[in-house]
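The chain contents come next:
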Amino acid sequence: MKDDYTKSFLEYNQFGDRLAQLRIEYGISARDLSLSIGQNEHYINQIENHCFYPSMRTFIYICEYLCITPCHFFNIDIESPYDIDIIVEQISEMSSDNRNLIKLLSLCLE
């Protein structure tokens, strides 16, 4: 039996939807992304329209182009993975005191 995480992506064709969401969020046209990863101009549109899935190598190229990890791609609870990465990077460079302030602030915002 498939786990719920895998099942949700494969059964509901969310791969193409997620790709479209991220691509649009970053302001990249399907054509530009297709050509930038070395594919024909309709390649990304075909994925987004659920015609097929990319190869693993091409999926990695897509993630690299979008500056996200594959994990971020599949985590549909994170709408803006690139923003999260920037925030995490900035926090990791902060002093311990500042990180604690950010932690307290985030707890207040929940």
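Given the structure is predicted, the values throughout are model-derived calculations rather than measurements.

## Here we look at unusual backbone geometry
Then, in step 1: In the Ramachandran plot, H50 falls in the positive-phi region, its phi being about 65° despite a non-glycine side chain.
Then, in step 2: Turning to its location among the elements, H50 is positioned in the loop between helix 4 (43-48) and helix 5 (56-66).
Then, in step 3: Not every positive phi belongs to a glycine, and C67 is a case in point at roughly 60°.
Then, in step 4: In this structure, C67 sits in the loop between helix 5 and helix 6 (70-74).
Then, in step 5: Residue classification places C67 among the partly exposed residues on the basis of a relative accessible area of 44%.

## Let's talk about the confidence of the model for the protein chain
Then, in step 1: Confidence in the prediction of the protein chain, expressed as mean pLDDT, is 85, and 87% of residues score 70 or more.
Then, in step 2: Of all secondary-structure elements in the protein chain, the lowest mean pLDDT belongs to helix 1 (residues 4-11), at 49, while helix 3 (residues 30-36) reaches the highest, 97.
Then, in step 3: Note that residues 7-11 has pLDDT below 50 and, in this model, ten contacts with residues that lie over four places away or in other chains.

## With respect to the pattern of salt bridges
Then, in step 1: On inspection of all chains with the given rule, the structure shows two salt bridges.
Then, in step 2: Between R23 and E48 there is a salt bridge whose closest N-O contact spans 2.7 Å. Of this pair, R23 sits in helix 2 (residues 14-25) while E48 is found in helix 4, placing the two residues 25 residues apart along the sequence.
Then, in step 3: When its relative accessible area of 11% is taken as the criterion, R23 is described as buried.
Then, in step 4: One salt bridge in this structure joins R31 and E41, with 3.4 Å as the shortest N-O distance. Taken together, the residues R31 in helix 3 and E41 in the loop between helix 3 and helix 4 connect sequence positions ten residues apart.
Then, in step 5: Among the residues examined, R31 registers a relative accessible area of 45% and is labelled partly exposed.

Cut-offs applied
- Residues numbered from 1 in each chain as written.
- Predicted model: local features only at pLDDT ≥ 70, side-chain atom pairs only at ≥ 80, totals over all residues.
- Heavy atoms only, no water.
- Helix = DSSP H or I, 4+ residues; strand = E, 2+ residues; numbered from the N terminus.
- Buried < 20%, exposed > 50% of the residue type's maximum accessible area, 1.4 Å probe, protein only.
- pLDDT = per-residue confidence, 0-100.
- Contact = heavy atoms within 4.5 Å.
- Salt bridge = Lys/Arg side-chain N within 4 Å of Asp/Glu carboxyl O.

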